[in-house]
Amino acid sequence: VSLDLDEAQTDVVVALVRGLMRPNSFYNAAKTAELRRQKAEAVTPVSRTIEAGEVILRAGDIVDELDVEALDALGLRESERNWQEVARAAAFLAIVTLVACGPHCSSSSSSWRK
């Protein structure tokens with residue numbers, strides 16, 4: 001409906017057109033799946049060779065999807081911190097510290113408290 005029409009004219013146009021409108025297509029799940037498959041097969045794969053020592057990104061570069069894929073492929077992208085691994089590492093360090101320190105830790109800590 002044109003923005004040049006006033007409200008009364010808009011109501012008339014809507015009332016006239018509403019009876020004439022009908023859908024021009026119907027959803028066909030099988031046909032949609034087939035067309036999606038065909039389109040996916042028609043996509044040309046993009047490959048990128050990264051040479052040893054090649055710079056992938058520099059500070060300030062705008063990162064695109066290919067850069068993210070390259071970082072993922074090389075295992076260089078920071079992932080979310082796995083807190084279980086952090087807790088395991090902390091527990092391991094605590095045990096190593098206690099074993100390495102041994103009796104010295106307990107005697108020095110008791111004399112230190114005095």
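Just so you know, these numbers come straight off a predicted model, no measurement behind them. (Residues numbered from 1 in each chain as written. Predicted model: local features only at pLDDT ≥ 70, side-chain atom pairs only at ≥ 80, totals over all residues. Heavy atoms only, no water.)

Another aspect to go through is the overall build of the protein. Secondary structure summary: the protein contains five helices and zero strands in total. Going from the N terminus to the C terminus, the protein shows its helices and strands as α-α-α-α-α. For the protein, buried positions account for 4% of its 114 residues. (Helix = DSSP H or I, 4+ residues; strand = E, 2+ residues; numbered from the N terminus. Buried < 20%, exposed > 50% of the residue type's maximum accessible area, 1.4 Å probe, protein only.)

If you trace the backbone, Asp 67 turns up in helix H3 (residues 65-74). Since its relative accessible area comes to 9%, Asp 67 is described here as buried. Those residues in contact with Asp 67, other than ones at most four positions away along the chain, are Arg 48, Ile 56, Leu 57 and Ile 62. (Contact = heavy atoms within 4.5 Å.)

This part takes up helix H2 (residues 29-42). Under the 1.5 Å per step criterion, the end-to-end length of H2 is 20 Å for 14 residues, consistent within 8% with the ideal 20 Å. At the N-terminal end of H2, a side-chain oxygen is found 3.2 Å from the backbone nitrogen of Ala 30, two or three residues along, and the residue is Asn 28. (Expected span 1.5 Å × (residues − 1). Polar contact = N/O pair within 3.5 Å; in protein donor to acceptor, adjacent residues only side chain to side chain.)

Quick look at the confidence of the model for the protein now. For the protein, the average pLDDT comes to 84, and 87% of its residues sit at 70 or higher. By mean pLDDT, the top-scoring element of the protein is H2 (96), and the lowest-scoring one is helix H5 (residues 103-113) (57). (pLDDT = per-residue confidence, 0-100.)

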